[in-house]
Structures are given as structure tokens and as C-alpha cells.
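# Understanding the architecture of this molecule
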Amino acid sequence: MLRHLILPAFICLFSCSLHEKDVAGEWRAVAFFENGRSLATNLDSVSLRLSPEGGYEFRSQGFYRESGSYRVSVRYLFMTDTTQTPVKEHIVKVLYLSSDTLKIRMSYDNKEQVLFLARRQMSDE
């Protein structure tokens with residue numbers, strides 16, 4: 001029985017990497033956690049657009065925006081923000097991905113942040 005559980009996990013370790021087409025889409029934030037605690041914050045304007053060609057745009061609260069290119073390596077997004085000089089690369093770990101949910105982990109000011117995003121449907125405004 002144990003062999004049946006180990007083999008799929010072993011195969012996934014080497015073959016469950018993401019590709020741009022897997023994460024591509026329009027995503028909107030639905031929950032935000034910092035250091036394991038849910039933060040009550042307005043997420044209405046927080047969104048992430050990932051194109052299948054490798055471009056991204058991130059919008060946050062207020063007027064904060066960044067955009068540029070991204071690449072995927074195993075379970076990480078390497079996002080190069082070209083709106084800053086010099087350009088800055090952000091590394092984001094994909095913790096979970098389904099057809100309608102994206103959960104990412106990032107670090108800011110020595111704090112672990114986890115953002116839950118829902119795939120934006122065509123009818124969403």
C-alpha cells in the first residue's frame with residue numbers, strides 16, 4: 001500500500017512543474033494572510049494578469065502598479081518589474097493552482113505573505 005502512495009508523489013516531484021499556460025489568466029484577490037494571520041484589508045483593487053506569452057501586470061491598493069515579464073520554473077514565478085529603475089525581480093511561490101484558484105506565497109519586509117486569488121470570469125467587472 002505504501003508503494004502506491006510513494007510512487008505518485010515521486011513522479012509529481014519531477015513532473016508537476018507549472019508552465020505559463022497553466023497560470024495564465026485574470027486573477028483577483030479574495031484573501032490575504034501575513035505571517036499566518038488573516039488581515040482585514042480592502043482587496044477590491046488587487047489583481048494579477050498573467051499572459052500565456054509571459055507578460056504580467058499586478059495592481060494593488062491605491063495606485064500601485066507593476067508590470068513586466070514573468071517566467072515559470074517548477075513551482076515559482078519569477079516576475080521582472082520593468083516599471084522600476086533598475087528593474088526588480090520578485091520571486092513568488094505557487095502553493096496551489098486549480099482552474100479557478102491561485103494561492104501564492106511571497107515575502108515583504110521579512111514577513112511571509114500569502115495571497116489567495118480567484119480566476120476572473122468574463123462576467124466579472
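Further up the page is the structure itself.
What you are looking at is a predicted structure, and each value in this text was computed from that prediction instead of being measured. (Residues numbered from 1 in each chain as written. Predicted model: local features only at pLDDT ≥ 70, side-chain atom pairs only at ≥ 80, totals over all residues. Heavy atoms only, no water.)

## A closer look at the overall build of the protein chain
- A count of helical and extended segments in the protein chain gives two helices and nine strands.
- Secondary structure elements in the protein chain, listed N-terminal to C-terminal, are α-α-β-β-β-β-β-β-β-β-β.
- Considering the protein chain as a whole, with its 125 residues, one finds that 29% of them fall into the buried category.
- At a minimum sequence separation of 6, the contacts of the protein chain that also span at least 24 residues come to 35%.
- Carbon and sulfur atoms provide 55% of the accessible area of the protein chain, an area that totals close to 8500 Å². (Helix = DSSP H or I, 4+ residues; strand = E, 2+ residues; numbered from the N terminus. Buried < 20%, exposed > 50% of the residue type's maximum accessible area, 1.4 Å probe, protein only. Contact = heavy atoms within 4.5 Å. Areas by Shrake-Rupley, 256 points an atom, 1.4 Å probe, with all protein chains shown as cover.)

## Observations regarding the environment of Thr80
- Tracing the backbone through its elements, the reader meets Thr80 in strand 6 (residues 76-81).
- Contact partners of Thr80, with chain neighbours within four places excluded, come to Tyr56, Ser67, Gly68, Ser69, Val87, Lys88 and Glu89.

## Points about the nonpolar core
- Formed by 22 residues in total, the largest nonpolar core has its most connected members in Leu48, Leu50, Tyr70, Leu77, Met79, Leu115 and Leu117.
- Counting residues per element, the ones that place at least two in this core are strand 1 (25-34), strand 3 (47-50), strand 4 (55-59), strand 5 (65-73), strand 6, strand 7 (88-97), strand 8 (101-108) and strand 9 (111-119).
- Discounting residues that sit within four places of it in the chain, Leu115 has contacts with Ala29, Ala31, Phe32, Val46, Phe58, Leu102, Lys103, Ile104 and Met106. (Core = buried A, V, L, I, M, F, W, Y, C linked by side-chain atoms within 4.5 Å.)

## Observations concerning the pairing of strand 4
- For strand 3 and strand 4, the ladder comprises four bridges, and the chain directions are antiparallel. Among the inter-strand pairings, Ser47 is bridged to a residue of strand 4, identified as Arg59.
- Hairpin connection of strand 3 to strand 4: four residues between the antiparallel strands, including Gly54 at a positive phi of 105°.
- One ladder, built from five bridges, connects strand 4 with strand 5; its direction is antiparallel. Across the sheet, residue Tyr56 finds its bridge partner in strand 5, namely Gly68.
- The turn joining strand 4 and strand 5, which pair antiparallel and follow one another in sequence, is formed by five residues; a positive phi near 70° is taken by Gly62. (Pairing = 2+ DSSP bridges.)

## Observations concerning the pattern of salt bridges
- One pass over the structure, following the stated rule, counts five salt bridges.
- A salt bridge links Glu57 to Arg65, with the shortest nitrogen-to-oxygen separation between them at 3.9 Å.
- Judged by relative accessible area, which is 46%, Arg65 ranks as partly exposed.
- Between Arg105 and Glu112 there is a salt bridge; the shortest N-O distance is 3.8 Å.
- Via salt bridges that share partners, Arg49, Glu57, Arg59 and Arg65 belong to a single interconnected network. (Salt bridge = Lys/Arg side-chain N within 4 Å of Asp/Glu carboxyl O.)

## A few points about the environment of Leu48
- Relative to the helices and strands, Leu48 resides in strand 3.
- As for Leu48 and Glu66, which are separated by 18 residues in sequence, their C-alpha atoms are 9.8 Å apart.
- In this structure Leu48 touches Gly25, Glu26, Trp27, Tyr56, Glu57, Phe58, Met79, Leu102 and Leu117, once residues within four positions along its chain are discounted.

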